[in-house]
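# Observations on chain architecture
What follows is the residue order along each chain.
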Amino acid sequence: MNKITTIIGLSFAVFFLIGLATTLTKSMMIGFIDVLPVYILMAAAIIMMIYEAFFDKS
């Protein structure tokens, strides 16, 4: 049960962060280079969430 709730919560957070990052690219005035730091930060946040949820057992 604990693993299922972790996966559900993690998927909601990942979908929110991916949706937040992709809404920036919908504007015609913002290019890919402008949004690249946002993608890097979102990827780092997602990787840290996955690591903390499943691999950090200290």
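Provided above is the structure to which this section pertains.
Cut-offs used in this document
Just so you know, the residues in each chain are numbered from 1, in the order the chain's sequence is written. Thresholds applied to this predicted model are a pLDDT of at least 70 for local features of residues and 80 or more for the giving and counting of side-chain atom pairs; totals over whole chains, interfaces and linings are not thresholded and use all residues. With hydrogens and water set aside, each side-chain value is computed from the structure's full complement of heavy atoms. Secondary structure follows DSSP: runs of H or I at least 4 residues long count as helices, runs of E at least 2 residues long count as strands, and numbering of each begins at the N terminus. The globule rule used for comparison is 2.2 Å times the number of residues to the exponent 0.38, while the radius of gyration itself is calculated over C-alpha atoms. Relative accessibility decides the category of a residue: with a 1.4 Å probe and only protein chains considered, values under 20% of the type maximum give buried, values over 50% give exposed, and everything between is partly exposed. Method for areas: the Shrake-Rupley scheme with a 1.4 Å probe, in which residue coverage is limited to the protein chains shown. The residues that make up patches have over 30% relative accessible area and no salt bridge, and they are joined within 9 Å when like-charged or within 5 Å when they are Val, Leu, Ile, Met, Phe, Trp or Tyr. One speaks of a salt bridge when a side-chain nitrogen belonging to Lys or Arg is within 4 Å of a carboxyl oxygen belonging to Asp or Glu. One less than the residue count of a helix, multiplied by 1.5 Å, gives the span that helix is expected to have. By definition, residues are in contact when any of their heavy atoms lie within 4.5 Å. An axis is simply a line fitted to the C-alpha atoms; with a helix, the fit covers only the stretch in contact. Between two such axes, the angle follows the N-to-C directions and lies from 0 to 180 degrees. Oblique is the label for any angle not under 35 degrees, not over 145, and not in the 65 to 115 range, which are roughly parallel, roughly antiparallel and roughly perpendicular in turn. When the centres of two rings from Phe, Tyr and Trp lie within 6.5 Å, Trp using its six-membered ring, the rings pair. Their planes under 30 degrees apart give stacked, over 60 give edge-to-face, and anything left gives tilted.

The subject of this paragraph is the overall build of the protein chain. Along its length, the protein chain carries two helices and zero strands. For 58 residues, the compact-globule estimate of 2.2 N^0.38 gives 10 Å, and the C-alpha radius of gyration of the protein chain, at 14 Å, exceeds that figure by more than 25%. Taking the principal axes of its C-alpha atoms as reference, the protein chain extends roughly 45 × 20 × 10 Å. The burial tally for the protein chain puts 12% of its 58 residues in the buried class. Counting every atom, the protein chain has about 4700 Å² of accessible surface; 77% of that belongs to carbon and sulfur.

The next subject is a nonpolar patch on the surface. On the surface, a cluster of nonpolar side chains totalling about 420 Å² of accessible area is made up of F32, I33, L36 and I40. By the element assignment, L36 lies in helix α2 (residues 32–54).

Helix length check: helix α1 (residues 2–24) (23 residues) gives 34 Å between terminal C-alpha atoms against 33 Å at 1.5 Å per residue, within 8%. Along α1, the positions that sit buried rather than exposed are L10, V14, L17 and A21. Against α2 lie the buried residues of α1.

Look at α1 against α2: their axes get within 10 Å of each other, and the N-to-C directions meet at 175°. In terms of orientation, α1 and α2 fall into the roughly antiparallel class. Touching K3, T6, I7, L10, A13, V14, L17, I18, L20, A21, T22 and L24 of α1 are V35, V38, Y39, M42, A45, I46, M49, I50, A53 and F54, all from α2.

Throughout the structure, instances matching the rule amount to one aromatic pair. Measuring from ring centre to ring centre gives 6.3 Å for Y51 and F55, while their planes differ by 35°; the resulting arrangement is tilted.

Checked against the element boundaries, T6 lands in helix α1. What makes T6 partly exposed here is its relative accessible area of 23%. In this structure, the C-alpha to C-alpha distance between T6 and A53, residues 47 residues apart in sequence, is 7.0 Å. Ignoring anything within four residues of it in the chain, the contact list for T6 reads A53 and F54.

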